[in-house]
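What follows is the residue order along each chain.
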Amino acid sequence: MSQKSWFAIVTPEPSNSKKMPLENSPPRVRFAPSPTGFLHVGGARTALFNWLVARTQGGVFLLRIEDTDKARSTDESTAAIFAGLEWLGLDWDEEVVYQASGLAQHQKDADRMLASGAAYRCFCTPEELTEQRKAMTVGKESFKYDRRCDRLSEEERSARLAAGLPFVTRFRVPEGTTEWDDLVHERISFPNKDIEDFVILRSDATPIYNMAVVSDDIAMKITLVMRGDDHISNTPKQILLYRALGVEPPKFAHVPMIHGTDGKKLSKRHGATAVADYQNEGILPSAMVNFLALLGWSPGGDREVMTLADMTKLFSAAGLQKKAAVFDPKKLEWMNGQHLSRIAASELEPLVTPMLVQADIVSESELVERREWYLALIDLLKIRARTTHDMVRQARPYFAARITYDPDSTAKSWKDVDQTLTLLQSARERLSKLHEWRPDSMEGALRALADELGVAAGKVFQPLRVALTGMSVSPGIFEVLEAMGRDLALARLGQAIEHIRPE
Ligand code: GLU
């Protein structure tokens, strides 16, 4: 049965739930990942939205590790979730809650429902259930437990218990309709007749997901549950549990799924889905959170580039969207370029320095010695870079004694060998005669050269750019010359001349 046929999204009454503040009192929200893999982009997006709700409204953002599935949960995943959240700058309040440690409370809550009659013991064995399922799914009707154990007489029940027969605890779904005003989807309504009496405790007395979540959310005093809309079908069951436990359910907000650019649910087929992969690919945390925020939310207008601090001023439930969000890695790169060009060099330094050292481009002590120059270089390179890896690639010519030349660039800009040689030799000679290694004097000398050769200035600058950097794209030629410094720039021109026509 498809999820959609399960529930109805009802056009709301004039009530405009989206315009209302999320909460009257400061919200308590949580991010509740299962530690069965790395922190993926969908989880990080959900964490971010919850964090923003808390931080925009003076609320509390809690972290709960849902580690009840012992076979699949690992400490490594838990550590990766912490690391990912920390990298993104999403700090949480209070102690981390581990769901497995709430077992006694989960059982207590389930037993409370058993005692009140909201739940009952079911002794049906898996084989019996399979038989029942077979008998019931002949037509189109899908299987729903027929409550036979709820009809056991007191004596039969006591006899089975006395015989030590295993049982699960089932919640008795009442008649009626379960509905709520979702902060994203507005009113959602499920007929209870479509919900079977679901298990809340297994035969080993461990809780089923919905039981553990509700029990924990009550214990943690959660006022708003914000999660992916793949959980919509769990929500009516959870609301029923709250009511049976005599607790007012929290508000719910189900944020849209994330799709790849092909419109299919985001998966490994689309490329990297772990936040850490993007960290390794040279994406800045500020760009990543900015990109994630726009997966299902918009601040309105054309505004796209924002810091986390900006978002804490702009975030509101009114900007949450229903339609699936599209994860476009190209947009993420673009976003990263935007953040790179806005971020201070001193902030980029701690990210870029280890990368330069690791790539064997320069030693850390040299960078410390020339710090002012180095910060100016970062400012120069960050404008054209899309990732910090791009910056490292582009930084090489400013340090390396020798460089290699990009074949496409040489094919394009050094086409006429004789002309290129004349040009590079003359440029080198004129630059070497400059009294001051300053952009205005370089410009004067190189423009005069272009005039004398009877060519447009670009015809001088472009071959020179390839000679200096090995690439056709770089900062302005005078900035390149200045940042490289006289000695390295002149040596580099010498190397290019030699490369074109070895003696
Ligand atoms: N552990 C669930 C998940 O990772 C969380 C569900 C919830 O937020 O209630 O999808």
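Right, let's walk through the structure included here. (Residues numbered from 1 in each chain as written. Predicted model: local features only at pLDDT ≥ 70, side-chain atom pairs only at ≥ 80, totals over all residues. Heavy atoms only, no water.)

Quick look at the environment of Thr 177
This is how it is decided: Secondary structure elements follow DSSP: runs of H or I no shorter than four residues count as helices, runs of E no shorter than two count as strands, and numbering proceeds from the N terminus. Any pair of residues with heavy atoms lying within 4.5 Å of one another is described as a contacting pair.
With respect to the secondary-structure elements, Thr 177 resides in strand 7 (residues 177-182). Distance in space between the C-alpha atoms of Thr 177 and Ala 496 is 78 Å, their sequence separation being 319 residues. Excluding its chain neighbours within four sequence positions, the residues that come into contact with Thr 177 are Ser 189, Phe 190, Pro 191 and Asn 192.

Let's talk about the site of the ligand
For the record, the criterion: Only a single heavy atom is needed: when it lies within 4 Å of a molecule or strand, its residue is near that molecule or strand. We define a polar contact as two N or O atoms separated by no more than 3.5 Å, with the added condition that, inside protein, one atom must be a possible hydrogen donor and the other a possible acceptor, whereas residues neighbouring each other in sequence contribute only through side-chain atom pairs. Residue-level accessible areas treat just the shown protein chains as cover; the underlying method is Shrake-Rupley with a 1.4 Å probe. Classification convention: Asp, Glu, Lys, Arg as charged; Ala, Val, Leu, Ile, Met, Phe, Trp, Tyr, Cys, Pro as nonpolar; all other residues, Gly among them, as polar.
Taken together, Arg 30, Ala 32, Ser 34, Glu 66, Tyr 209, Arg 227 and His 231 make up the full set of residues adjacent to the ligand. At 2.6 Å from a nitrogen atom of the ligand is found a side-chain nitrogen or oxygen belonging to Glu 66. The separation between an oxygen atom of the ligand and a polar side-chain atom of Arg 227 is 2.8 Å. In the complex, the protein chains occlude 79% of the 300 Å² of accessible area that the ligand would expose alone. In terms of residue class, the shell around the ligand is built from two nonpolar, two polar and three charged.

Considerations on the packing of helix 12 (residues 345-358) against helix 14 (residues 371-382)
Threshold: Whenever a helix is involved, its axis is fitted only over the stretch in contact; in every case the axis is a line through C-alpha atoms, and angles between N-to-C directions fall within 0 to 180 degrees. Any angle from 65 to 115 degrees is called roughly perpendicular, while one under 35 is roughly parallel, one over 145 is roughly antiparallel, and all others are oblique.
Across the interface, helix 12 lies against helix 14 with an axial gap of 10 Å and an inter-helix angle of 95°. On the basis of the axis angle, helix 12 is roughly perpendicular to helix 14. Between helix 12 and helix 14, the contacting residues are Ala 345, Ser 346, Leu 348, Glu 349, Val 352, Thr 353 and Leu 356 on the first element and Arg 371, Tyr 374, Leu 375, Ile 378, Asp 379 and Lys 382 on the second. Residue composition of the contact of helix 12 with helix 14, by class: seven nonpolar, two polar and four charged.

What to know about the sheet that holds strand 6 (residues 168-171)
To keep it simple, the criterion reads: Note on pairing: two strands pair once DSSP finds at least 2 bridges between them.
Strands sit in the order 5-6-9 across an open sheet of three strands; the sheet is antiparallel. Both edges of this open sheet fall to strand 5 (119-122) and strand 9 (199-201), since each of them pairs with a single strand only. Within this sheet the neighbouring strands show an average axis-to-axis angle of 45°, counted without direction.

So, the side chain of Asn 234
Convention followed: The buried label goes to any residue with under 20% of its type's maximum accessible area, the exposed label to any with over 50%, and the partly exposed label to all in between, with areas taken from a 1.4 Å probe on protein chains only.
By the element assignment, Asn 234 lies in the loop between strand 10 (224-228) and helix 7 (235-244). The class for Asn 234 is buried, based on a relative accessible area of 14%.

Examining the pairing of strand 8 (residues 186-191)
As judged from the six bridges shared by strand 7 and strand 8, these two strands associate in the antiparallel manner. Its bridge partner being in strand 8, Glu 179 is matched across the sheet by Ser 189.

Focus: helix 6 (residues 209-219)
Because each turn of an α-helix spans 3.6 residues, side chains separated by three or four positions in sequence point in the same direction. For helix 6, a buried count of eight out of 11 residues is recorded, marking the element as mostly surrounded by other parts of the structure. Listing the buried residues of helix 6 in full gives Asn 210, Met 211, Ala 212, Val 213, Val 214, Ser 215, Asp 216 and Asp 217. The inward-facing, buried residues of helix 6 abut strand 2 (28-31), strand 3 (60-65), helix 3 (103-116), strand 9, strand 10 and helix 7. Of the residues trailing helix 6, Lys 221 is marked for its positive phi of about 55°.

Description of helix 20 (residues 477-484)
Of all eight residues in helix 20, six are buried; the element is thus mostly enclosed. Here the buried face of helix 20 lies against helix 14, helix 17 (417-432), helix 18 (439-453), helix 19 (457-469) and helix 21 (486-500). Positioned one or two residues after helix 20, Gly 485 has a phi angle of 85°, which is positive.

Regarding the packing of aromatic side chains
Short version of the rule: Side-chain rings of Phe, Tyr and Trp (the six-membered ring for Trp) are treated as a pair once their centres are within 6.5 Å; stacked means planes under 30 degrees apart, edge-to-face means over 60, and tilted covers the remaining angles. We call a charge positioned above a ring when the Lys NZ or Arg CZ atom is no farther than 6 Å from the ring centre and deviates by at most 35 degrees from the ring normal.
Applying the stated rule across the entire model yields 12 aromatic pairs. Aromatic side chains Phe 461 and Phe 478 sit 5.3 Å apart centroid to centroid with 80° between the ring planes, which places their arrangement in the edge-to-face category. One end of the pair, Phe 461, is in helix 19; the other, Phe 478, is in helix 20, with 17 residues separating them in the sequence. When sorted by exposure, Phe 461 lands in the same class as Phe 478, which is buried. A network of ring pairs unites the aromatic residues Phe 49, Trp 297 and Phe 315 as a single cluster. In this structure, Arg 170 is placed above the aromatic ring of Tyr 145, and the distance from its NZ or CZ to the ring centre is 3.8 Å. Over the face of the ring belonging to Trp 373 we find Arg 370, whose NZ or CZ atom lies 3.6 Å from the ring centre.

So, the sheet that holds strand 3
Strands sit in the order 2-3-4 across an open sheet of three strands; the sheet is parallel. Edge positions in the sheet fall to strand 2 and strand 4 (97-98), since each has one partner strand and no second. Across the sheet, helix 1 (residues 41-56) lies against strand 2 and strand 3, angled at about 165° from strand 2, the strand it touches most. Where helix 2 (residues 75-88) meets the sheet, its contacts fall on strand 2, strand 3 and strand 4, and the angle it forms with strand 3 comes to roughly 155°.

Let's talk about the pattern of salt bridges
Threshold: Any Lys or Arg side-chain nitrogen located within 4 Å of an Asp or Glu carboxyl oxygen qualifies as a salt bridge.
Counted under the stated rule, the structure contains 31 salt bridges. When the shortest N-O distance is used, the salt bridge between Glu 66 and Arg 64 registers 2.9 Å. Classification of Glu 66 as buried rests on a relative accessible area of 7%. For Glu 154, the salt bridge is made with Arg 157, and the minimal N-O distance between the two is 3.2 Å. Taken together, the residues span about one helical turn, with Glu 154 and Arg 157 both in helix 5 (residues 154-162) at a distance of three residues. Looking at Arg 157, the relative accessible area reads 16%, which means it is buried. Each member of the salt-bridge network shares a partner with another, and the members are Arg 30, Arg 64, Glu 66, Asp 216 and Asp 217.

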